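# Structural description and commentary
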Amino acid sequence: MFRWPASSLRAYFVVVILVATVPLAAFVSYLIYQETVSGRAQLEEGLKRTADTFALAVEREIVSSIDALGILAYSEALQRDDVAGFYRSLTLLPTLRATWSSAYLISPAGEVLFSTDRPYGAPVGSVLGSPDFERVKQRREAVVTELMPGHERDQLVTGIQVPVVFDGKLRYVLGARIAASNWQALMHNASVPKGGFLSLFDANSRIIAHSLHPEQFIGTDLRAALPFAGAPGTLQTGPSASMNATYAAWQRVPLAGWGVGVGIAAAPLDRAHLSAVGSAIGAGALSLSLGLILALIVARQVTDPLLQLANDGPGAAAGAIVVREIAVLRDALVSAAEQREVARQRLQAKADEFEALFNSSPIGLAITQDVGCRTVLMNPALAKMFNAVPGRGELPPQRQPLPAECPRVFGKGRELAVEELPIQLACSQGRELSDVELDVVHPDGRTLNLIAYAVPLLDAAGQPRGAIGAFVEITERKHAEERLINAERRLRESQNLVELAQEAGHVGFFDYHFADDSAVWTLGLAKLFGVKPEEVDPGWISWSKVVLAEDIEVVRRAVLDAVAQQAEQTTYEFRVRRADGSLRWLASRVLLSYDEQHRPSRMIGVCVDVTDQKTVEQERAAFVAREQAARRDAENANRAKDEFLAMLGHELRNPLGAIAAAVEVLNRVDAHTDTAQSARRIIGRQTHHLARLMNDLLDMARATAGKITLTRQCLNLAQLVQRSLSALELSGGLKQHQVEVEIDDVWVDVDATRIEQVVTNLLTNAVKYTPAGGTVKVRAGAVGQEAVLEVRDSGIGIPAALLPRVFDLFVQGERTLDRRQGGLGIGLTLVRRLVELHGGSVQAESSGPNLGSSFTVRLPRVQGPQTAAPASPPMNGGAKDVVVVEDNEDARNAIENLLRLAGHRVTVAGDGTSGLAQLLDRPPDLALIDIGLPGLNGYEVAQRLRAAGRRTRLVALSGYGQPQDVERALAAGFDAHLVKPVDLSALQRFLAST
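What counts and how
- Residues numbered from 1 in each chain as written.
- Predicted model: local features only at pLDDT ≥ 70, side-chain atom pairs only at ≥ 80, totals over all residues.
- Heavy atoms only, no water.
- UniProt positions renumbered as here; feature names shortened; annotations may be inferred.
- Pairing = 2+ DSSP bridges.
- Helix = DSSP H or I, 4+ residues; strand = E, 2+ residues; numbered from the N terminus.
- Contact = heavy atoms within 4.5 Å.
- Axes fitted to C-alpha atoms, helices over the stretch in contact; angles between N-to-C directions.
- 1 Å grid on protein atoms, 1.4 Å probe; cavity = no way out; pocket = protein on both sides within 12 Å on 5 of 7 lines; lining within 4 Å.
- Points joined across faces, edges and corners; volume = space filled by probe spheres on them.
- Nonpolar A, V, L, I, M, F, W, Y, C, P; charged D, E, K, R; others polar.

- An unreviewed UniProt entry lists the protein under the name histidine kinase, with Caldimonas brevitalea as the source organism.
- Recorded in UniProt under Subcellular location (unreviewed entry), the annotation for the protein is "Cell inner membrane".
- Recorded in UniProt under Catalytic activity (unreviewed entry), the annotation for the protein is "ATP + protein L-histidine = ADP + protein N-phospho-L-histidine."

### Overview of the sheet that holds strand β14 (residues 391–394)
- Ordered in space as β14-β13-β12-β19-β18-β17-β15-β16, the eight strands form an open sheet in which the pairing is antiparallel. The open sheet has two edge strands with one neighbour each: β14 and β16 (414–415).
- With respect to the sheet, helix α13 (residues 422–429) is in contact with β12 (364–368), β17 (433–441), β18 (447–458) and β19 (464–473), its orientation differing from that of β19 by roughly 155°.

### Looking at the sheet that holds strand β26 (residues 738–743)
- In spatial order, the strands read β26-β28-β29-β31-β30; together these five strands make up an open sheet with mixed pairing. A single partner strand is all that each edge strand has here, and the edge strands are β26 and β30 (841–845). Taking each pair of neighbouring strands and ignoring which way they run, the sheet shows an average axis angle of 10°.
- Inspection of the sheet shows β26 paired to strand β28 (residues 775–783) by six bridges, in the parallel sense. Paired with I743 across the bridge in β28 is A780.
- On top of the sheet, helix α21 (residues 752–768) reaches β28, β29 (786–793) and β31 (853–860); it is set at about 25° to β29, its chief contact.

### Observations regarding empty space enclosed by the protein
- A complete count under the given rule lists two cavities of 30 Å³ or more for this structure.
- The computed volume of the largest cavity comes to approximately 180 Å³.
- Along the walls of the largest cavity sit 16 residues, with F510, Y512, W521, W543 and M603 positioned nearest its centre.
- Contributing elements (two or more residues each) for the lining of the largest cavity: β20 (507–513), β21 (518–521), α15 (523–529), α16 (540–546), β22 (569–577) and β24 (600–609).
- A per-class count over the lining of the largest cavity returns 14 nonpolar, two polar and no charged.
- The set of elements that each furnish at least two residues to the lining of the second largest cavity consists of α21 and β31.
- Taken together, the residues that form the lining of the second largest cavity break down as eight nonpolar, no polar and no charged.

In structure tokens form, the structure reads like this:
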């Protein structure tokens, strides 16, 4: 295989020329001429590229300055019109921008408010009428000024101005000055052709920077100094101030309207051209020698740029390069260098930020970059803690004692060696340490308490290569803790003496603060209340839990009356129930103090046990009261019993008489006549009335026995009230009265059924005792922490003698002879019991006969749910398959007819055995099952269906409605429980939701 010998590029060129020159001398001459032409073309390309590159660099600097000014324009100080604060923030910065000589702020009136190269407040002048300033105001966009004089003598600068706009109004104009020397410095990085020049000029053709003899050209008119007259990017020739003849090209900077020009002397190039022409004429005679010369020249055009790139870098090869590939290589190297510079600047900015944070942090910081932790970089805060010099320092070698002038470090009472310090442990063991408490003892005896944190720095292999430590001084906190402990000790010693005195005299003291509802109890007071000192929660609510409920208002009223009168002292008595069940009487005498606004601020009091005195007084009074009360109770009970029996008989006779009459009518007329329909409606109404009477009696019995079970849920009281109003309106109960409703949303934790029963009883009571045409007002809403329902009517009112007993059982107002009002006198009693079961209260008010009455229900208010309540199921769910299992033929037929009239498909059974067979054979959508069935009772039918895996909805029918009856039905497998007679609306809801 042929191998080319190693040699220089020049040698290879000489060999080529020696082989080809003799027979092709003429052709070589032609090539020389073409090479000359190509050189000029490359010169033109190089000049244009240099102009474009430097124009792009100038534009990048202008854009960066505009962006920087735009960021400063959003300063919070400018938004607050704090010009002085904005000036301080600018002057405190280490440097605004490397190319800026100063920054200034102009008011909309043209007054220069400050310039960072002048003290704040020093007169700077006005730019009103300046074309650049007026252009900023009109266009509200950044403007680049022309070359202009600076503040310093013989200084020329350019300016960049940006508008500061807040809320669509021009508030300021923020500007920055860039000295001509900075543009001159930017030119140093440009690729100026060898022996050529580079120039930057403004829109008025004044030279801003010049690569050759800048002191001669800066500030002069370009048109007199340089030959740039053609279109941008074209090669031009002509004389210049620095050269007799030049080849030049220029490019515009669009953002500023400036121009960039680059040129090179024409004489050397022209001489090369003439030499090429002469060589072409004498090619025949001198072909060999010229071929050798050309070979050497071409080799130099290749090797010289390559050697410059290799030895001196891309900046050294700034001239025109003939070989395009080498030029591309040079450009690529220049671009890579620029990218490295940008990355270096960003990295430097991050380093500056970290250095500022490191040096200004009040927390002690330490960084080590070697595994042995010999060299540690400390910030000023940490150096102050250890009496060291900020910066890099050397730690003593491990396992050697510290020098005498170094502070000693202790942890958990033991002096730590160098290798036991947190940052050394993190570095050597590669683990994080936190909340390490250290005591630093200085040689002068001063001790600092620190909390240390240390995190290891890991290399690519996950091994420790250093560590970072943070140290927070907690000396003051430690001292405060010690002072607190000593104060508590002295206080306990003082309290021991007071507690001995209190225990001997059955006395206790307290100190209550109104602002934060807190109090301090003595041990004697805790003993009087029968609670352990550690269990005392001395707030008003916790205090009220120990005091009897009926005495809380007495005490509260006594304190409020004293506060209202601005009294300095008051006394009151109350009872407390101790944990052991004993009841004690306490008497308190308190001293009140007030703040400058006459609001109570503090209450200091003493409590004394007066149980023995009260016991004697109460026994005497109780004996007399019992005798009188027993006589009154016996008389009232006997009278109430007689009235109740009479009312019950009357209330039962009326509906039974109406039912009997309606049945007789049905027996005498055709079933399809209006009279028969009216009779059926009478039977329905009176049957509903009887069922309601029985339900009220049963509810009253359960409430009296305490057997009502509440199913609480978070509900909107306004919806419950509206539901009851709608039900009464549909039944016609409100059609003869004017009803005014004012209800707001308020949420309560209640049993919906029971609260609807309360609302219905109050509304029914108002309608009963209000003549036709009267007004019933219903109001519901929030009052403080309570939900309040008020039902007010314009009826016959409540006599003063009856008002205290209106909620008692069987108590009713005066009735007319026709007993239009009706009722058994248990509705309001049931209202009070149900409200009290919910933790609320009910109150009746009346100004007297014929002045109407008002009933107010108060319930605890709760926070409403965060999500909307689910929508109620539709009442009409379509035709369903229903099985009715009932041994009473009349009841079975009645339910069957009702369901068939509603469009449902009904199958019936008369006993439990046949009913179970039907349910197993063909499961329906819903089954109504009587509990008292022959054969298999209702419970057994439900249990066997569930055991067989049937999921049919089962509803129990029973004449018993006690809570235990409902619980037993649900336990047997029923989904619901209905009390006979069946409530048609409830049955419809079950069918609709099935």
